[in-house]
Amino acid sequence: MSQLCLPVWIMAVNVRDTVTAEGKKFEKLLKDLGNLEVRIGIQQGETNDEGVDLVDIAMFNELGTIHIPSRPFLRDSVDANADQINTFLQSMKQELLKGGSAESVLKKIGTFQKGLIQEQIVNGNFEPNKEATIKKKGSDTPLVDTGRMRQSINYVIQEKGGSD
């Protein structure tokens, strides 16, 4: 039985040499996306007129306490808008593929979700305020007193695992 042997030439190719400028830009984009995150909600440090951090007020309302019923404006903003959020995120994926930067896309995501949370605070279907609360603040709208908590909803873009 005879064999036919062909010589095989192995050429060392540095893959980095074959990546186009667009490919390098896309690699940077993926690295940026892997290193960054957007956090949406109330950032720590702003207080109400009585000196209580708005993060605490938001947490008390989101989760409830023995005196305050749970009014989950953060969770409900996601649950009530899941389809809209998914559609928006798909459009952001397309923007990335067209050359948008990681930071610009994360800013758009932050702004979009910020709006959904603020809308939920105003229009959410929450347990009504008690009569004593209505008398104290002059309104029967849960979560809205001065509007400060709603106005404090914002986002930050930071490195993943960064400080809160």
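Nothing here was measured: the structure is a model prediction, and the numbers come from that model.

### Digging into the overall build of the chain
- Looking only at helices and strands, the chain features 8 helices and 2 strands.
- Residue pairs in contact within the chain that sit at least 24 positions apart in sequence constitute 63% of those at least 6 positions apart.
- Total accessible area on the chain is roughly 11,700 Å²; 54% of this is exposed by carbon and sulfur atoms.

### Looking at unusual backbone geometry
- Although it is not a glycine, L143 sits at a positive phi angle of roughly 75°.
- Mapped onto the elements of the fold, L143 is located in the loop between α7 (131-137) and α8 (148-151).
- Accessibility expressed as a relative area gives 14% for L143, which makes it buried.

### Notes on the environment of S104
- Considering the arrangement of structural elements, one finds S104 in helix α6 (residues 102-123).
- For the pair S104 and M92, spaced 12 residues apart in the sequence, the C-alpha separation amounts to 9.7 Å.
- From its side chain, S104 meets the backbone oxygen of S101 in a polar contact 3.0 Å long.

### Digging into the environment of S101
- Structurally, the position occupied by S101 is in the loop between α5 (82-97) and α6.
- A relative accessible area of 38% means that S101 is categorised as partly exposed.
- Note: C-alpha distance between S101 and L33 (68 residues apart in sequence) is 9.0 Å.
- Residues within four places of S101 in sequence aside, it is in contact with L29 and L96.

### Quick word on the side chain of D53
- Summarising the element assignment, D53 is placed in the loop between β1 (36-42) and α3 (54-63).
- No salt bridge forms around the buried D53; measuring N to O, its nearest opposite-charge neighbour R148 is 10 Å away.
- A polar contact of 3.0 Å, which involves the side chain of D53, links it to the backbone nitrogen of G45.
- The residues contacting D53, other than those within four sequence positions of it, are Q44, G45, E46 and T47.

### Digging into the layout of surface pockets
- Looking at the largest pocket, its volume works out to about 870 Å³.
- Taken together, 28 residues form the lining of the largest pocket, with N48, I57, N61, K136 and D145 sitting closest to its centre.
- Broken down by secondary-structure element, the contributors of at least two residues to the lining of the largest pocket are α3, α7 and α8.
- Looking at which element gives the most residues to the lining of the largest pocket, the answer is α3, with 4 residues.

Rules behind the numbers
- As a convention, each chain's residues are numbered from 1 in the sequence order in which they are written.
- pLDDT decides what is reported in this predicted model: residues at 70 or higher carry local features, side-chain atom pairs at 80 or more are listed and counted, and totals for whole chains, interfaces and linings draw on all residues regardless.
- Excluding hydrogens and water, the side-chain figures rest on all heavy atoms present in the structure.
- Counting from the N terminus, the helices are DSSP H or I runs at least four residues long and the strands are E runs at least two residues long.
- The contact criterion used throughout is that any non-hydrogen atoms of two residues lie within 4.5 Å.
- Each accessible area value is a Shrake-Rupley result obtained with a 1.4 Å probe; residue values ignore everything except the protein chains displayed when judging cover.
- Categorising residues by exposure relies on relative accessible area from a 1.4 Å probe, with only protein chains included: less than 20% of the type maximum marks a residue as buried, more than 50% marks it as exposed, and the intermediate range marks it as partly exposed.
- Here a polar contact means two N or O atoms within 3.5 Å. Within protein one must be a hydrogen donor candidate and the other an acceptor candidate, and residues neighboring in sequence count only if both atoms are side-chain atoms.
- Here Asp and Glu are counted as negative and Lys and Arg as positive; His is not counted, and neither are the chain ends.
- Any carboxyl oxygen of Asp or Glu that lies within 4 Å of a side-chain nitrogen of Lys or Arg is treated as forming a salt bridge with it.
- Definitions used for this entry: grid spacing 1 Å over protein atoms alone; cavity, a set of points where a 1.4 Å probe fits but cannot get out; pocket, an open set with protein on both sides within 12 Å along at least 5 of 7 lines; lining residue, one with an atom within 4 Å of a point.
- Grid points are joined across faces, edges and corners, and a volume is the space filled by probe spheres set on the points.

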